Amino acid sequence: MTYLMATSAVAFVAVVALLAFSIRSTRARAVVSDGQVVSPAPSRPHVTRFLRTSEGGVAIVVALIATYAVIHAFSGLANVRGPLLVMLVIVGSAGIGLVDDWLHVSPGSRQGLSLWIRLVAQVAIGLGFSVLSVYWVHTSTTLSLVRHGSHDIQLGPLGWILLTTLAFVVFSNAVGSTEGMDGLASGTASMCFVCIAIMGFWQYHNFTIYHVTGALNLALIASALAGACLGFLWWNAPPARAHMRNTGSYAIGSGLVSLCVLLNLGVLLPIIGGLYLVVLLSIGVQAIGLRLFGRRLFKMAPLQYHFEMMGWPNTTVLFRFWIGAGLFSALAIGIFYGDYASVGLK
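Counting restarts for each chain: residues are numbered from 1 in the order of the written sequence. This being a predicted model, a pLDDT of at least 70 is required before a residue's local features are given, and a value of 80 or more before pairs of side-chain atoms are given or counted; all residues contribute to the totals for chains, interfaces and linings. Note that water and hydrogens are dropped before the side-chain values are worked out from all heavy atoms of the structure.

**With respect to the overall build of the chain**
No. 1: Put simply, DSSP marks the helices as runs of H or I at least four residues long and the strands as runs of E at least two long, and each gets a number from the N terminus on. Secondary structure assignment for the chain yields 13 helices and four strands.
No. 2: Out of the 346 residues in the chain, the part that is buried amounts to 49%.
No. 3: Any pair of residues with heavy atoms lying within 4.5 Å of one another is described as a contacting pair. Partitioning the contacts of the chain with sequence separation of at least 6, the portion at a separation of at least 24 is 75%.
No. 4: Here the open area of atoms and residues is found with the Shrake-Rupley method and a 1.4 Å probe, where only the protein chains shown may cover a residue. Counting only carbon and sulfur atoms, one obtains 69% of the accessible surface of the chain, whose full area is about 15,700 Å². Burial status follows relative accessibility: with a 1.4 Å probe on protein chains alone, a residue under 20% of its type maximum counts as buried, one over 50% as exposed, and anything between as partly exposed.

As structure tokens, then:
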């Protein structure tokens, strides 16, 4: 537990420090009037815009890699394949977002990657992760709350790979649907990763029940992501001074899925990330309403903006969505422990 807390603390401090430096640097490149940033400096303005919109996502990924490497070296934990795969997937997903964010601000191209290119890239990374997790990490293809429960669903390699790839694409974009409101994505993500870290730590101490190799290593990654998201929230709380855009949201979404999959928490993934699914579904419902009925079912989508349009202050929407994410995480932990009690205490 000490290592988990230290990992979160180091990641938190690292992101706060990195963004403090970045914010000061980007403000130095901008034209300032009466203390307010008016416009980017005329020299390479797209670089300044890129740093101001994506610096949070870059800081989260950099802090995650550095923190995990340092804590892993000091802890003396064995090198296992699962955590390495998770890191590769997070970096790859962040790379997709990084390219998209860059194209949004680069001269001559303000539209970013097309939807189909992003989806193809996400499917490719999700498929690669799924295949490697089965044939390289040798994770179980059984869908269950625990490895040896009485209600297992045998998916087989093909079914498991397809389902995992779908989850990867869905959650990568679901997290992005909450990124637009200051503090929402980072605050809710920190709760999700704390929840996963607790479960991973519990699995590590109950290996004979869960049989998850490298559970503590995976819990360290979850702790680092939780601390990094909180560090980002320090600068992203309204009014935000740093943003993550797709660089950060894709990294968080891929980290959420990959950690749950390798910790055999696939059944709990829709609950742990329940708020993201609700927000993503609101976009789908809005599109269906417009297509079938010719009218909006929400005042605005995603869902958080519907409540803003109803007159809720931004902070009220933010806090209530945080509460919702916390309740989803608490429900997941409750189900997880209830399952442990029925299996581990017999």
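**What about unusual backbone geometry?**
No. 1: Here proline 238 and proline 239 are connected by a cis peptide whose omega angle stands at -10°.
No. 2: Position of proline 239 relative to the elements: it lies in the loop between helix 8 (215–236) and helix 9 (245–262).
No. 3: Positive phi outside glycine occurs at asparagine 264, with the angle close to 60°.
No. 4: In this structure, asparagine 264 sits in the loop between helix 9 and helix 10 (269–272).

**Considering helix 5 (residues 156–176)**
No. 1: Expected span of a helix: the number of residues minus one, times 1.5 Å. Helix length check: helix 5 (21 residues) gives 30 Å between terminal C-alpha atoms against 30 Å at 1.5 Å per residue, within 8%.
No. 2: Those residues of helix 5 lying buried are Trp160, Ile161, Thr164, Thr165, Ala167, Phe168, Val169, Phe171, Ser172, Ala174 and Val175.

**Here's the deal with the packing of aromatic side chains**
No. 1: When two rings of Phe, Tyr or Trp (its six-membered ring) have centres within 6.5 Å they constitute a pair, described as stacked for plane angles under 30 degrees, edge-to-face for angles over 60, and tilted for the intermediate range. Using the criterion set out here, one finds eight aromatic pairs in the structure.
No. 2: An angle of 40° between the planes, with centres 5.4 Å apart, marks the rings of phenylalanine 319 and tryptophan 322 as tilted. Of this pair, phenylalanine 319 and tryptophan 322 both sit in helix 13 (residues 314–344), three residues apart, roughly one helical turn.
No. 3: Phenylalanine 319 gets classed as partly exposed once you look at its relative accessible area, which sits at 46%.
No. 4: Three or more aromatic residues joined by ring pairs make a cluster, and in this case those are Trp202, Tyr337 and Tyr340.
No. 5: Two conditions define a charge located above a ring, namely a distance within 6 Å from the ring centre to NZ of Lys or CZ of Arg, and an angle within 35 degrees of the ring normal. Positioned above the aromatic ring of tryptophan 312, the side-chain terminus of arginine 320 is 4.6 Å from the ring centre.

**So, helix 8**
No. 1: The first and last C-alpha atoms of helix 8 sit 31 Å apart over 22 residues, in line with the 32 Å expected at 1.5 Å per residue.
No. 2: Most of helix 8 sits inside the fold, with 20 of its 22 residues counted as buried.

**Looking at the environment of leucine 280**
No. 1: In this structure, leucine 280 sits in helix 11 (residues 274–293).
No. 2: For leucine 280, a relative accessible area of 25% puts it in the partly exposed group.
No. 3: When the C-alpha atoms of leucine 280 and phenylalanine 171 are compared, they prove to be 8.9 Å apart, with 109 residues separating the residues in sequence.
No. 4: Not counting chain neighbours up to four residues away, the residues in contact with leucine 280 comprise Val170, Asn173, Ala174 and Ser177.

**Quick word on the layout of surface pockets**
No. 1: Here the largest pocket is characterised by a volume of approximately 310 Å³.
No. 2: Those elements that provide at least two residues to the lining of the largest pocket are strand 3 (142–143), helix 5, helix 9 and helix 10.
No. 3: Top contributing element to the lining of the largest pocket by residue count: helix 5, with seven residues.
No. 4: Among the residues forming the lining of the largest pocket, the class breakdown is 15 nonpolar, six polar and no charged. Points on a 1 Å grid over protein atoms alone make up a cavity when a 1.4 Å probe fits among them but cannot get out, and a pocket when they form an open set with protein on both sides within 12 Å along at least five of seven lines; lining residues each have an atom within 4 Å of a point. Grid points are joined across faces, edges and corners, and a volume is the space filled by probe spheres set on the points. All amino acids are sorted into three groups, where Ala, Val, Leu, Ile, Met, Phe, Trp, Tyr, Cys and Pro are nonpolar, Asp, Glu, Lys and Arg are charged, and the leftover types, Gly among them, are polar.

**Observations regarding the environment of arginine 245**
No. 1: Structurally, the position occupied by arginine 245 is in helix 9.
No. 2: Arginine 245 sits in the partly exposed class, given a relative accessible area of 36%.
No. 3: The sequence separation of arginine 245 and leucine 98 amounts to 147 residues, and the corresponding C-alpha distance is 8.6 Å.

**Remarks on a nonpolar patch on the surface**
No. 1: Patches were defined on residues exceeding 30% relative accessible area and lacking a salt bridge, with like-charge contacts within 9 Å and nonpolar side-chain contacts (Val, Leu, Ile, Met, Phe, Trp, Tyr) within 5 Å. A pair is scored as a salt bridge if a Lys or Arg side-chain nitrogen falls within 4 Å of a carboxyl oxygen belonging to Asp or Glu. A cluster of nonpolar side chains, Val285, Ile288, Leu292, Phe293 and Leu297, forms an exposed patch at the surface whose accessible area comes to about 490 Å².
No. 2: By secondary structure assignment, the location of leucine 292 is in helix 11.
No. 3: For leucine 292, a relative accessible area of 61% corresponds to the exposed category.

**Description of the nonpolar core**
No. 1: Here the nonpolar core consists of buried residues drawn from Ala, Val, Leu, Ile, Met, Phe, Trp, Tyr and Cys, with membership extended through side-chain atoms lying within 4.5 Å. Phe193, Ile196, Leu256, Leu259 and Ile272 are the most contacted members of the largest nonpolar core, which has 74 residues in total.
No. 2: With 14 residues, helix 8 is the single largest residue contributor to this core.
No. 3: Those residues in contact with phenylalanine 193, other than ones at most four positions away along the chain, are Ala222, Leu225, Ala226, Cys229, Ile252, Gly255, Leu256 and Leu259.
No. 4: Counting 11 residues, the second largest nonpolar core, distinct from the first, contains Met181, Leu303, Val317 and Leu318.

**Observations regarding the packing of helix 3 (residues 81–105) against helix 8**
Helix-helix packing is characterised by the crossing angle of the two axes and by the distance between the axes.
No. 1: To define axes, lines are fitted to C-alpha atoms, for helices over the stretch in contact only, and angles between the resulting N-to-C directions are given on a 0 to 180 degree scale. At a minimum axis separation of 8 Å, helix 3 and helix 8 run at an interaxial angle of 30°. Here helix 3 lies roughly parallel to helix 8, going by the angle between them. Relative to helix 8, helix 3 is oriented so that their crossing is right-handed. Contacts between helix 3 and helix 8 involve Gly82, Pro83, Val86, Met87 and Ile90 from the first element and Asn217, Leu218, Ile221 and Leu225 from the second.
No. 2: Grouping the constituent residues of the contact of helix 3 with helix 8 by class yields seven nonpolar, two polar and no charged. Any angle from 65 to 115 degrees is called roughly perpendicular, while one under 35 is roughly parallel, one over 145 is roughly antiparallel, and all others are oblique. It is the rotation of the near helix from the far one that decides the hand of a crossing: anticlockwise by less than a right angle makes it left-handed, clockwise makes it right-handed.

Bear in mind that shape data such as this cannot, by itself, settle questions of function.
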